[in-house]
Amino acid sequence: SGGSGVAPSFEDAGGGGLDYFRADMSGGQSIPQNTVTKLVFNSEVYDTASKYDPSTNYRWTPAAGAVFIHAQIKISINVNTLNQLMLYKNGSNVYEAVFKISTTGPCTPNLSFISTCNGSDYFEMYYHHNDSGAESTQTLGSTFMGMVIA
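Residues numbered from 1 in each chain as written. Predicted model: local features only at pLDDT ≥ 70, side-chain atom pairs only at ≥ 80, totals over all residues. Heavy atoms only, no water.

**Concerning the overall build of the protein chain**
Next, step 1: Per the secondary structure count, the protein chain includes zero helices and 13 strands.
Next, step 2: Its helices and strands taken in sequence order, the protein chain reads β-β-β-β-β-β-β-β-β-β-β-β-β from the N to the C terminus.
Next, step 3: For the protein chain, the proportion of its 150 residues judged to be buried stands at 40%.
Next, step 4: Restricting the contact set of the protein chain to residue pairs at least 6 apart, pairs at least 24 apart contribute 71%. (Helix = DSSP H or I, 4+ residues; strand = E, 2+ residues; numbered from the N terminus. Buried < 20%, exposed > 50% of the residue type's maximum accessible area, 1.4 Å probe, protein only. Contact = heavy atoms within 4.5 Å.)

Next up, the structure:
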């Protein structure tokens, strides 16, 4: 602890300089058919190190180290439609969640990933589907977050 009767802080444990963020969608986003589309997480909830860009690139460029990333979207899709929620690092797909559902309606696909980065690497989220028309995300339940863990 920092002194008698004082609860220890994260900084006391060596965790100073926290780098984490969370960004949500401020509105629904239309995702065209058969088009890999960058997801627009433009409502910053928190960004402790000012490393997330919520206005132009919608990407996180964390400090060097190991990072944990999580993302999910709420979207209405049709039965047996192929859907992909994709994590990009430096412009390339590095991880994805691929799914189909058995009934038409809203679902909340998500993915979590641990990676290393060099301080200039950046992470973005994309989505793709092969439905017969556009699909739309919903605001509540759509979020992108990450934190440096080591």
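**Some points on the side chain of Glu 135**
Next, step 1: You can see Glu 135 is positioned in strand S13 (residues 135–148).
Next, step 2: Buried and unpaired, Glu 135 has no salt bridge, with Lys 100 as the nearest side chain of opposite charge at 12 Å. (Lys, Arg positive; Asp, Glu negative; His and termini not counted. Salt bridge = Lys/Arg side-chain N within 4 Å of Asp/Glu carboxyl O.)

**Quick word on the environment of Met 86**
Next, step 1: Positionally, Met 86 belongs in strand S8 (residues 83–89).
Next, step 2: Judged by its relative accessible area of 3%, Met 86 is buried.
Next, step 3: Each C-alpha atom of the pair Met 86 and Leu 111 lies 8.3 Å from the other, and the pair is 25 residues apart in sequence.
Next, step 4: If sequence neighbours within four positions are ignored, Met 86 has contacts with Val 36, Asn 93, Tyr 95, Glu 96, Leu 111, Glu 124, Met 125, Tyr 126, Tyr 127 and His 128.

**Describing the nonpolar core**
Next, step 1: Leu 39, Phe 41, Met 125, Tyr 127 and Phe 144 are the most contacted members of the largest nonpolar core, which has 28 residues in total.
Next, step 2: Those elements that place two or more of their residues in this core are strand S1 (20–24), strand S7 (65–77), S8, strand S9 (92–99), strand S11 (110–117) and strand S12 (123–129).
Next, step 3: In terms of residues, this core owes the most to one element, S7, which gives six residues.
Next, step 4: When near neighbours in sequence (up to four residues on either side) are disregarded, Met 125 contacts Thr 37, Lys 38, Leu 39, Phe 41, Ala 71, Leu 85, Met 86, Leu 87, Leu 111 and Phe 144. (Core = buried A, V, L, I, M, F, W, Y, C linked by side-chain atoms within 4.5 Å.)

**Describing the confidence of the model for the protein chain**
Next, step 1: For the protein chain, per-residue confidence averages 88 on the pLDDT scale, and 89% of positions sit at 70 or higher.
Next, step 2: Taken as a whole, residues 7–14 scores under 50 in pLDDT and shows eight contacts with residues more than four places along the chain or in a different chain. (pLDDT = per-residue confidence, 0-100.)

**Some remarks on the environment of Met 125**
Next, step 1: Along the polypeptide, Met 125 turns up in strand S12.
Next, step 2: For Met 125 and Asn 93, which are 32 residues apart along the polypeptide, the C-alpha to C-alpha distance reads 9.1 Å.

**So, the environment of Asn 78**
Next, step 1: Within the secondary structure layout, Asn 78 lies in the loop between S7 and S8.
Next, step 2: Assessed through its relative accessible area of 31%, Asn 78 is described here as partly exposed.
Next, step 3: Separated by 57 residues in sequence, Asn 78 and Glu 135 have C-alpha atoms that sit 9.0 Å apart.
Next, step 4: Sequence-distant contacts of Asn 78, that is, excluding residues within four places in its chain, are made with Ile 101, Thr 104 and Asp 131.

**A few points about the side chain of Gln 29**
Next, step 1: Following the sequence through the fold, Gln 29 ends up in the loop between S1 and strand S2 (30–31).
Next, step 2: Within polar-contact distance, the side chain of Gln 29 engages the backbone oxygen of Lys 38 at 2.8 Å.
Next, step 3: If we skip the residues at most four places from it in the chain, Gln 29 touches Thr 37, Lys 38, Leu 39, Val 40, Glu 135, Ser 136 and Thr 137. (Polar contact = N/O pair within 3.5 Å; in protein donor to acceptor, adjacent residues only side chain to side chain.)

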